[in-house]
Amino acid sequence: SKPSLAETDCNQAGSTGLTYQCFQKQLQALDDQLKTLLNQVPATAAAAPTQQYRDLWMEHLANNNLDRSNVSQLMAFQKVRRDYCLYINSIAFQGTGYGSMVLQCEIELTKAALKNEV
């Protein structure tokens, strides 16, 4: 059977451009998983049998200055992830494949985030 997108070795894709496109597709697939995971958070809270649980959940988010919106959380994660990966790889910005290095970094951070999936 064909390996999943996440298992594909993009470094075998061929040209620099094809490698970059491969990593872009991998990151998009991981972001789709992340979106599903983040969508589950408010849904799980809403499904709780008691209003007290939902109130405590909202209070916890407010105390930590966290937006309740799963969409906002996804966008915030993507921005911080991109900024971190651009910065940590910035010393290599003149080299060929810099864009792919950044995407690989983003892929690894997203995989780490998805390990929290319950």
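Residues numbered from 1 in each chain as written. Predicted model: local features only at pLDDT ≥ 70, side-chain atom pairs only at ≥ 80, totals over all residues. Heavy atoms only, no water.

### Quick word on a nonpolar patch on the surface
Alright, step 1. A surface patch of nonpolar side chains, about 260 Å² in accessible area, is lined by Y84, I88 and L109.
Alright, step 2. Turning to its location among the elements, L109 is positioned in helix 4 (residues 98–114). (Patch = residues over 30% accessible without salt bridge, like charges linked within 9 Å, V, L, I, M, F, W, Y side chains within 5 Å. Areas by Shrake-Rupley, 256 points an atom, 1.4 Å probe, with all protein chains shown as cover. Salt bridge = Lys/Arg side-chain N within 4 Å of Asp/Glu carboxyl O. Helix = DSSP H or I, 4+ residues; strand = E, 2+ residues; numbered from the N terminus.)

### Some words on helix 2 (residues 51–63)
Three or four residues apart is the spacing at which side chains of an α-helix point the same way, because the helix has 3.6 residues per turn.
Alright, step 1. With 13 residues, helix 2 ought to run about 18 Å at 1.5 Å a step, and its terminal C-alpha atoms sit 18 Å apart, in line with that.
Alright, step 2. Within two residues after helix 2, N65 carries a phi angle of roughly 55 degrees, on the positive side. (Expected span 1.5 Å × (residues − 1).)

### What about the packing of helix 1 (residues 16–46) against helix 4?
Alright, step 1. Relative to each other, helix 1 and helix 4 sit at 20 degrees, their axes nearing to 9 Å. Regarding the angle of helix 1 to helix 4, the classification is roughly parallel. As for the relative orientation of helix 1 and helix 4, their crossing is left-handed in sense. For the pair formed by helix 1 and helix 4, the contact residues are T16, T19, Y20, F23, Q24, Q26, L27, L30, D31, Q33, L34 and L37 on the first element and G99, S100, L103, Q104, E106, I107, T110, K111, A113 and L114 on the second.
Alright, step 2. Each residue belonging to the contact of helix 1 with helix 4 can be placed in one class, and the counts come to 10 nonpolar, nine polar and three charged. (Axes fitted to C-alpha atoms, helices over the stretch in contact; angles between N-to-C directions. Parallel < 35°, antiparallel > 145°, perpendicular 65-115°, else oblique. Left-handed = near helix turned anticlockwise from the far one by under 90°. Contact = heavy atoms within 4.5 Å. Nonpolar A, V, L, I, M, F, W, Y, C, P; charged D, E, K, R; others polar.)

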